[in-house]
Amino acid sequence: MAGPSFPRLLLLFSGLLFLFTTYSSIYGPWSLSGSKTRFDYSSEKPHHPLDPLTAPEIERVQAILSGHDSAFGSGSAMIHSMALDEPNKQRVVQWKKGDRIPPRKAEVLAMSNGESRVLTVDLNSGRVVSDLTSPTSGYPMLTMDDTIAVSQVPFKSVEFNRSIEARGIPFSSLVCLTPFAGWFGPDEEGRRVIKIQCYSKQDTVNIYMRPIEGLYLTVDMDKLEIIKIIDKGPVPVPSSIGTEYRYGFLDKPVHMDRVNPMSMEQPDGVSFRVEDGYSVEWANWVFHIKPDLRAGMIISQATVRDSETGEARSVMYKGFASELYVPYMDPEEGWYSRAYMDAGEFGLGPSSMPLVPLNDCPRNAYYIDGLFVSPQGNPVLQPKMICLFERYAGEISWRHSEILLPGVDIRESRPKVTLVARMASSVGNYDYIFDWEFQMDGLIRVTVAASGMLMVKGTAYENVHDLGEKEDDSGPLISENTIGVVHDHFISFHLDMDIDGSENNSFVKVHLEKQRLPPGKSRRKSYLKVKKYVAKTEKDAQIKLSMYDPYEFHLVNTNRQSRLGNPPGYKLVPGGNAASLLDHDDPPQIRGAFTNNQIWVTRYNRSEQWAGGLLMYQSRGEDTLQVWSDRDRSIENKDIVMWYTLGFHHVPCQEDFPVMPTISASFELKPVNFFESNPVLGIAPYFEKDLPVC
Ligand SMILES: *[C@@H]1O[C@H](CO)[C@@H](O)[C@H](O)[C@H]1NC(C)=O
Ligand SMILES: *[C@@H]1O[C@H](CO)[C@@H](O)[C@H](O)[C@H]1NC(C)=O
Ligand SMILES: [Cu+2]
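Rules used in this analysis
- Residue numbering note: each chain is counted from 1, following its sequence as written.
- Just so you know, chain letters begin at A and ligand numbers begin at 1, following the order they were written in.
- The predicted nature of this model means local features are confined to residues of pLDDT at least 70 and side-chain atom pairs, given and counted, to a pLDDT of 80 or more, with totals for whole chains, interfaces and linings taken over all residues.
- Hydrogens and waters are ignored; side-chain quantities use all the structure's heavy atoms.
- The donor definition counts N, O and S atoms within 2.8 Å of each metal and applies 3.2 Å to Na, K and Ca; water is not among these atoms, so some sites may look incomplete.
- Square planar and octahedral assignments, for four and six donors respectively, both demand that opposite donors be over 155 degrees apart and that all other angles lie between 65 and 115; tetrahedral needs four donors with all angles between 85 and 135 degrees, and anything else is irregular.
- Going along the chain from the N terminus, every DSSP run of H or I of four or more residues is numbered as a helix, and every run of E of two or more is numbered as a strand.
- Burial status follows relative accessibility: with a 1.4 Å probe on protein chains alone, a residue under 20% of its type maximum counts as buried, one over 50% as exposed, and anything between as partly exposed.
- Cysteine sulfur pairs qualify as disulfides if the two atoms are within 2.5 Å.
- Strands pair, by our definition, only if DSSP identifies at least two bridges between them.
- Every axis in this analysis is a line fitted to C-alpha atoms, fitted for helices over the stretch in contact. Angles between the N-to-C directions lie between 0 and 180 degrees.
- In this analysis, the protein atoms alone were mapped onto a 1 Å grid. Cavities are point sets where a 1.4 Å probe fits without being able to get out; pockets are open sets with protein on both sides within 12 Å along at least five of seven lines; lining residues have an atom within 4 Å of a point.
- Grid points are joined across faces, edges and corners, and a volume is the space filled by probe spheres set on the points.
- Amino acids are sorted into nonpolar (Ala, Val, Leu, Ile, Met, Phe, Trp, Tyr, Cys and Pro), charged (Asp, Glu, Lys and Arg) and polar (every other residue, Gly among them).
- We call a residue near a molecule or strand as soon as one heavy atom of that residue lies within 4 Å of the molecule or strand.
- Here a polar contact is recorded for every N or O atom pair within 3.5 Å, except that within protein the pair must consist of a potential hydrogen donor and a potential acceptor, and residues adjacent in sequence are included only if both atoms are side-chain atoms.
- Buried Ala, Val, Leu, Ile, Met, Phe, Trp, Tyr and Cys residues form a nonpolar core when they are joined through side-chain atoms within 4.5 Å.
- We call two residues in contact when some of their heavy atoms are within 4.5 Å.
- In this context, the arc is that of the directions from the helix axis out to the C-beta atoms.
- For the purposes of this description, domain bounds are those given by an automatic or database domain assignment.
- Two parts placed together each lose some accessible area under a 1.4 Å probe, and the buried area is that loss summed for both.
- By salt bridge we mean one thing: a side-chain nitrogen of Lys or Arg within 4 Å of a carboxyl oxygen of Asp or Glu.

1. Some remarks on the coordination of the copper ion (ligand 3)
Then step 1. Every protein donor of the copper ion (ligand 3) is accounted for by Tyr430 (OH), His487 (NE2), His489 (NE2) and His650 (ND1), and the metal-donor separations fall at 1.8 to 2.0 Å.
Then step 2. For the copper ion (ligand 3), the four donor atoms in the first shell make angles of 98 to 134° at the metal, a pattern classed as tetrahedral.
Then step 3. Mapping the donors of the copper ion (ligand 3) onto the primary sequence gives the spacing Y-x56-H-x1-H-x160-H. Residue tyrosine 430 is located in strand S18 (residues 430-439), and its partner histidine 487 is located in strand S23 (residues 487-497); the two are separated by 57 residues in the primary sequence. Considered together, tyrosine 430 and histidine 487 belong to a single accessibility category, that of buried residues.

Now the structure itself:
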């Protein structure tokens, strides 16, 4: 949730330099071990309308921008993000393999003269077709250059130096991170500001566990000047003892029996195909997958083949993590502003380091690289950012044993094999793992897991008994002098479901209502009855989950019928979740208003992609999902988009130190009356001969 950590940041920085100086190295076959096919980035052409910008396209965008405004050539305008401006949905849907690729456009978010710029560049005509300055409040996501420059600013200050000296902290051990901004009213408007928190790296690589508490800086990011320093006096810096987490550096033995290594083996090789870099085919699924600077990973045009008719049927046009909001629960100076918007402020792409083979992804994984853009407009490779693998986790797809029929011995069971697309983003201290898992029975499961380091607060207390009668501070003591500050994590997904086509989709709330029976009618007194309500407008589809008022949430195509006359659909199946309990007029919650409901359904609008707004950094929250949904547009029998927010309340505990065991939550998109009957009835069981022992 912070900016990239300093050591990693340096690494990244040198990585970027490496790429700049040996830029030609991204031209020519880039072979990565474990990858089957790599393409030659220098001559790469888009093969699908949704393919990300290629290296030559990125260079061309930069050239067009420089011609349009010399600020881009001279380096006074900085590119904060550049991505394909996707063609209109209709064009994409109509496109068939072999057709010409629709005109390519790029959307560029930039900063020049302290102002946000939103530009659309047409690659075919070679022109900038739209150039808006500050269309809303807020700024584009930070660049690596921003983060690096700002982390040096504290040392310009005599006052900061004095505060550090007064604490007896050697300068050589300081690491200053730039983790948060937010928006808290007019005194920080009109300029890009950021807060700074420093840490000690003395005797540890786990700097997050050694905060230099009580010293907080606010910096003007464009002038690289300190706006404010708050020094509340020294707080003990937690010791480095026990903060190590690297394998091979731990000195204490573990009292645990070794578990033998295990691996998924596919003697006949993988059964999925990745064509032209981003188009995936597996079992009955076809979809497009691409790395994205902001969302990390985007799944598009997910289509499932009907096992009875062979028809390729549309399920989802586009799905991705639209925003990741993490408000901390400490109102004190230096902490109140810690409410991150990780996708819109930092981007989930730049912090997705290469996945670790055999550990992040199994041996049978295939890796996809990301190609992003430096602030100067050059292509930057983000290797092994996404992995794709088939998973057999010992689960059962369906089964039945029959014991009541004399003379027949029936024991039918089928293994459940799924296809997983995974990325992991280390947004500073936290690591988020995103999985999109496809099942042959048509189900899609989305899982978000969190690991990495807590954001902790230094304290004078070493033991809960030191607190006496006082309550916990802003969270539990998780190690000596270390408070794990209570916080929430919310991940809001954009789910543009297109069930059997874009149009004629409706959102149906299937309510389970308790019925009471009058005495004498039955021996039962109560039962549940299903009643369906079709949401007419966006406000009908602002949903707060409740166990005592249960609904199923169906997205159906009202223009089509199953054999039995039911409209085919998919239902959203929520999993473990948490709601934001912050006041709606609390500054972080105004910007995080997309968490005011767990489910929303909006009318499709290609400009409404980012739940917190296009320009998230320091935005005032006037461009959020809440604002769009409150327009209350008609959503019945239309092209509609579902939004689901998954969340965790996180009350830290000792086990979260020094690195957190992974926690996870998921939701499912499950067919309802979409298939005529069980779509995996005909899949084969495994036999001994299928799996030779190697
Ligand atoms: C603060 O201390 C650092 C490290 O010793 C030094 O490089 C820097 O010049 C100092 N800044 C000022 C303004 O004295
Ligand atoms: C589409 O979204 C943009 C941004 O929210 C908005 O300005 C525009 O009015 C919307 N169009 C419709 C038809 O709702
Ligand atoms: Cu957490």
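Having seen the structure, we can now continue with the description.
2. With respect to the state of the cysteines
Then step 1. Within the structure shown, the criterion is met by two disulfides.
Then step 2. Between the sulfur atoms of cysteine 361 and its disulfide mate cysteine 387 the distance is 2.1 Å. Measuring handedness by torsion sign, the sulfur bridge of cysteine 361 and cysteine 387 sits at about -90° and is left-handed. Placement of the pair is cysteine 361 in the loop between helix H7 (342-346) and strand S15 (366-373) and cysteine 387 in strand S16 (residues 379-402), with a sequence separation of 26 residues. Of the two residues, cysteine 361 and cysteine 387, both sit in the buried class.
Then step 3. If you count the bonded cysteines of the protein chain from the N-terminus, they pair up as 1-2, 3-4.

3. Quick word on the sheet that holds strand S27 (residues 569-573)
Then step 1. Strands sit in the order S15-S16-S17-S18-S19-S30-S27-S26-S24-S25 across an open sheet of ten strands; the sheet is antiparallel. Of all strands in the sheet, those bounded by a partner on one side alone are S15 and strand S25 (526-534). On average, adjacent strands in this sheet sit at an angle of 25° to one another, irrespective of strand direction.
Then step 2. Relative to strand S30 (residues 660-672), strand S19 (residues 444-452) runs antiparallel, the two being bridged by eight bridges.

4. As for the sheet that holds strand S20 (residues 456-458)
Then step 1. Within the open sheet, the three strands sit side by side as S20-S22-S21. Their pairing is antiparallel. Each having just a single partner strand, S20 and strand S21 (477-479) make up the two edges of the open sheet. The average undirected angle you get between the axes of adjacent strands in this sheet is 45°.
Then step 2. Pairing of S20 with strand S22 (residues 482-484) involves three bridges; the strand directions are antiparallel. Within S22, the position partnered with glycine 458 by the bridge is threonine 482.

5. Regarding the layout of surface pockets
Then step 1. Approximately 1,500 Å³ is the volume attributed to the largest pocket.
Then step 2. What lines the largest pocket is a set of 44 residues, among which Tyr245, Arg246, Tyr247, Met453 and Val659 lie closest to the centre.
Then step 3. At the level of secondary structure, the elements contributing two or more residues to the lining of the largest pocket comprise helix H1 (6-21), strand S17 (410-427), S18 and S19.
Then step 4. By residue number, the principal contributor to the lining of the largest pocket is S17, which donates four residues.
Then step 5. By volume, the second largest pocket amounts to about 980 Å³.
Then step 6. Lining the second largest pocket are 47 residues, with Asp85, Glu107, Gln609, Trp610 and Leu614 positioned closest to its centre.
Then step 7. Those elements that provide at least two residues to the lining of the second largest pocket are strand S1 (78-84), strand S2 (105-112), strand S3 (115-122), strand S4 (127-133), strand S11 (285-292), strand S13 (312-327), S15 and S23.
Then step 8. Considering only residue class, the lining of the second largest pocket consists of 24 nonpolar, ten polar and 13 charged.

6. Focus on the site of ligand 2
Then step 1. Residues in contact with ligand 2, as listed here, are Asn605, Ser607, Glu608, Trp628, Arg631 and Arg633.
Then step 2. One nitrogen or oxygen atom from the side chain of glutamate 608 is found 3.0 Å from an oxygen atom belonging to ligand 2.
Then step 3. Within the side chain of arginine 633, a nitrogen or oxygen atom sits 2.8 Å from an oxygen atom of ligand 2.
Then step 4. Its residues assigned to classes, the shell around ligand 2 comprises one nonpolar, two polar and three charged.

7. Section: the nonpolar core
Then step 1. Ranked by internal contacts, the top residues of the largest apolar core, which has 109 residues, are Phe434, Trp436, Leu495 and Phe507.
Then step 2. With residues near it in sequence (within four places) discarded, leucine 495 still touches Met316, Lys318, Trp436, Leu572, Val641, Met642, Tyr644, Phe667 and Leu669.
Then step 3. One finds Ala55, Ile58, Ile79 and Leu371 within the second-largest nonpolar core, a separate group that totals 23 residues.

8. Some remarks on helix H6 (residues 158-166)
Then step 1. When H6 is considered as a whole, its buried residues turn out to be Phe160, Ser163 and Ile164. For H6, the angular spread of buried residues about the axis comes to 100°, placing them on one side. Residues of H6 that are exposed and point over 90 degrees away from its buried face: Val158, Arg162, Glu165 and Ala166.
Then step 2. For H6, the side-chain oxygen to backbone nitrogen distance between the N-cap and glutamate 159 is 3.2 Å, and the N-cap itself is serine 157.
Then step 3. Downstream of H6 by a residue or two, glycine 168 has a phi angle that is positive, lying close to 70°.

9. Details of the domain arrangement of the protein chain
Then step 1. By the assigned domains, the protein chain splits into domain 1 (32-133) and domain 2 (276-690).
Then step 2. Centre-to-centre separation of domain 1 and domain 2, based on C-alpha positions: 28 Å.
Then step 3. Listed as interface residues are 40 residues of domain 1 and, on the opposing side, 36 residues of domain 2.
Then step 4. Summing the contributions of domain 1 and of domain 2, the shared interface buries around 3,100 Å²; its carbon and sulfur component is 55%.
Then step 5. Scanning the region where domain 1 abuts domain 2 turns up seven salt bridges.
Then step 6. Here lysine 89 and aspartate 496 are joined by a salt bridge, their closest N and O atoms 2.9 Å apart.
Then step 7. Counting across the interface, domain 1 meets domain 2 through 13 residue pairs in polar contact (both at pLDDT 80 or more).
Then step 8. Counting only elements with at least two residues in the side of domain 1 that touches domain 2, the list comes to helix H2 (55-68), S1, helix H4 (89-94), S2 and S3.
Then step 9. Split into classes, the residues belonging to the side of domain 1 that touches domain 2 amount to 19 nonpolar, twelve polar and nine charged.

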